[in-house]
Amino acid sequence: MTETFPWLTTLIVVPLLGAAVVWLLPSGARKHARPVALAVSLVVLVLAVLATLQFDVARAGEHQLTEQAPWIPTFGVSYAVGVDGVGLALVLLSVVLVPLVLLAAWREHPDAVAARVAQGTDAQADAPSAVEGGNRIRNYVALILVLEAFMVAVFAARDLFLFYVLFEAMLIPVYFMIGAFGGLRRRYAAVKFLLFSLAGGLIMLVGVIALYLQGPGGEQGFLIDNLVGLDLPVTTERLLFLSLFLAFAVKAPMWPVHTWLPDAAEQAPAGTSVLLVGVLDKVGTFGMLTLCLPLFPDASRWAAPVIIVLAVVSVLYGALLAIGQEDLMRLIAYTSVSHFGFIVLGIFAFNEVSTQGASLYMVNHGLSTGALFLLAGFLVARRGTARLSAFGGLQKVTPVLAGTFLVAGLSALSLPGLSTFVSEFLVLVGSFQANRPATIVATLGVILAALYVLLTYQRVFTGPVRDDLATTPDLSAREKWVVGPLIAAMLVLGFYPGPALDLVRQPAEVSVAAVHEGADPGGPGDEAGNASDSSVDGSDK
């Protein structure tokens, strides 16, 4: 059953076919792996734009571009895909970032590992040979295309078992992108990432199977639409909620199950970190919003007070640790822990305004953090290290690099006029209506964000130029094409967020309504429910 042309399936299949083409390139043509991969990613971007034109924004709260077919009917599994406004926004974020990552890594591999390893004592043991170069290039860009297909599919999945399969399948390309192309401790970081994610996924699998057993069963027993609104026993619903929420908290990542992220970001290539933190981690908050809330509304209200506390801790903990970091990649990773705290706070405030803000925050965080990781990667390529103490005074010799880094950093601290301000403001306004004490404490994260961004900029770009940095080249034309679209998107969404808010407004209303439906008047979450009646109008002003 398909509404029209199978847009979503096409967006999934094209990058997979592109990856196969790249892998099958003969040895003499492997130097063309990057152009082929970039061309495929641009085709996917064009297809995504065409698919967006078929999406009716007036019905953004409904799932559109839907496709459904039996997959394993004996076990109730279907191939079912479709996107609402939030899912579409995250699909667009994915297909925008992939070509930028490929372009940024144009000259990064295969020598990136050799450069990193050369900083340690095992350079001869781990550095790739020239003969291996073609294979390394081919493997890296092919893995990016495979990951792109999985990212699109997971945000579109409307069958719970299909979602779980994709949730776990994404680990495979990321594991190899970190473990084969990262820094000195890449294997440790890759294994840690894999173990944390697998642990969360196994817990989730128990919940997925148990929920199916509680549902209607049959050939479409895993369809999410068939699992919403089940009359579950209180204890059962709470246990099922926890099984999914824990997996999403690891993926998000939230404190205290976040520790894999700084190691992964530090050791992974910059482009891998962009996709990992900018897109993949959103699967956690996306799952909380689109699965936990509608499937387990009563359990969501029950768990909300504790989750809000954890979200506030994430906001402050991530910001404080970011201030104390010496490694630029770890610093950006900890800022993301803080930002994800704001997103989770907005979701579990159960307020239409905060939920709109959290949904938009997922996109805006991908833009600002993606730009920061890419620019940090350019800095590392020039200096050979991510240690902040190795930089200083670069704004005098690399003014474009300094300016773009400052804009991305100001977006990360939610400066008015840049995209993240809109989403963070909505989260705080909506959450304040629902839980004032938690929101007031979380607001301290805004102040801490100014500290970790401005102090970092000061250490890297201001002051006298170090002698060994005096000839550092500024951004090349290729690098400007990488960061330019992200800077432009931050400015456009900062001054004119209306179209993006139109995508997330109705899904926010649907999610909040699902949580408050059947809630006892005056019971937990009722205050938030009353507050949620005031949604954002005229938000494009």
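**Comments concerning the overall build of the chain**
Looking only at helices and strands, one finds 24 helices and 2 strands in the chain. By the burial criterion, 60% of the 541 residues in the chain qualify as buried. Accessible surface computed for the chain: about 19700 Å², of which carbon and sulfur atoms make up 66%.

**Comments concerning helix α23 (residues 498-516)**
Spanning 19 residues, α23 covers 26 Å between terminal C-alpha atoms, matching the ideal 27 Å at 1.5 Å per step. Along α23, the helix axis deviates most sharply at Val504, where the bend reaches about 30 degrees; the proline Pro507 sits within four residues downstream. The set of residues buried in α23 consists of Gly498, Ala500, Leu501, Leu503, Val504, Arg505, Pro507, Ala508, Ser511, Val512, Val515 and His516.

**Some thoughts on the environment of Ile440**
Mapped onto the elements, Ile440 comes out in helix α20 (residues 436-442). For Ile440, a relative accessible area of 52% translates into the label exposed. With 128 residues separating them in the primary sequence, Ile440 and Val312 have C-alpha atoms 9.7 Å apart.

**Comments concerning the confidence of the model for the chain**
Predicted confidence across the chain gives a mean pLDDT of 86, with 90% of residues reaching 70 or more. Ranking the elements of the chain by mean pLDDT puts helix α5 (residues 123-126) last with 39 and helix α1 (residues 7-23) first with 94. In this model residues 109-131 is a low-confidence stretch, pLDDT under 50, and it forms 41 contacts with partners more than four residues away in sequence or in other chains. Long-range and interchain partners of residues 521-541, a stretch whose pLDDT sits below 50, account for 37 contacts in this model, where long-range means more than four residues apart.

**Let's talk about the side chain of Ser431**
Residue position: Ser431 is located in helix α19 (residues 419-434). We classify Ser431 as buried; its relative accessible area is 1%. A polar side-chain atom of Ser431 sits 2.7 Å from the main-chain carbonyl oxygen of Val427. Leaving out residues up to four positions away in the same chain, Ser431 has contacts with Leu345, Gly346, Ala349, Ser354, Arg436 and Thr439.

**Points about the pattern of salt bridges**
A full pass over the atoms with the stated rule returns 12 salt bridges. Measuring nitrogen to oxygen at the nearest pair gives 3.2 Å for the salt bridge that ties Asp56 to Arg59. Asp56 gets classed as partly exposed once you look at its relative accessible area, which sits at 31%. Arg59 gets classed as partly exposed once you look at its relative accessible area, which sits at 32%. As a salt-bridge pair, Glu266 and Arg330 come within 3.0 Å of each other at their nearest N and O atoms. Within this pair, whereas Glu266 is found in helix α12 (residues 260-267), its partner Arg330 is found in helix α16 (residues 328-348), the two being separated by 64 residues in sequence.

**Let's talk about the nonpolar core**
Generally speaking, soluble globular proteins have nonpolar side chains that are buried together. Ranked by size, the top nonpolar core spans 191 residues in total, and within it Leu276 and Phe348 carry the most contacts. Tallying contributions element by element places helix α6 (residues 133-156) first for this core, with 17 residues.

**Thoughts on unusual backbone geometry**
Omega for the peptide link from Ala252 to Pro253 comes to -5 degrees, which places this bond in the cis form. Tracing the sequence through the fold places Pro253 in the loop between α11 (234-251) and α12. For the peptide bond that leads from Trp255 to Pro256, omega is 10 degrees, which places it in the cis range. For Pro256, the location among the structural elements is in the loop between α11 and α12.

Rules used in this analysis
Residues numbered from 1 in each chain as written. Predicted model: local features only at pLDDT ≥ 70, side-chain atom pairs only at ≥ 80, totals over all residues. Heavy atoms only, no water. Helix = DSSP H or I, 4+ residues; strand = E, 2+ residues; numbered from the N terminus. Buried < 20%, exposed > 50% of the residue type's maximum accessible area, 1.4 Å probe, protein only. Areas by Shrake-Rupley, 256 points an atom, 1.4 Å probe, with all protein chains shown as cover. Expected span 1.5 Å × (residues − 1). Bend = angle between axes of the 7 residues up to and from the residue. pLDDT = per-residue confidence, 0-100. Contact = heavy atoms within 4.5 Å. Polar contact = N/O pair within 3.5 Å; in protein donor to acceptor, adjacent residues only side chain to side chain. Salt bridge = Lys/Arg side-chain N within 4 Å of Asp/Glu carboxyl O. Core = buried A, V, L, I, M, F, W, Y, C linked by side-chain atoms within 4.5 Å.

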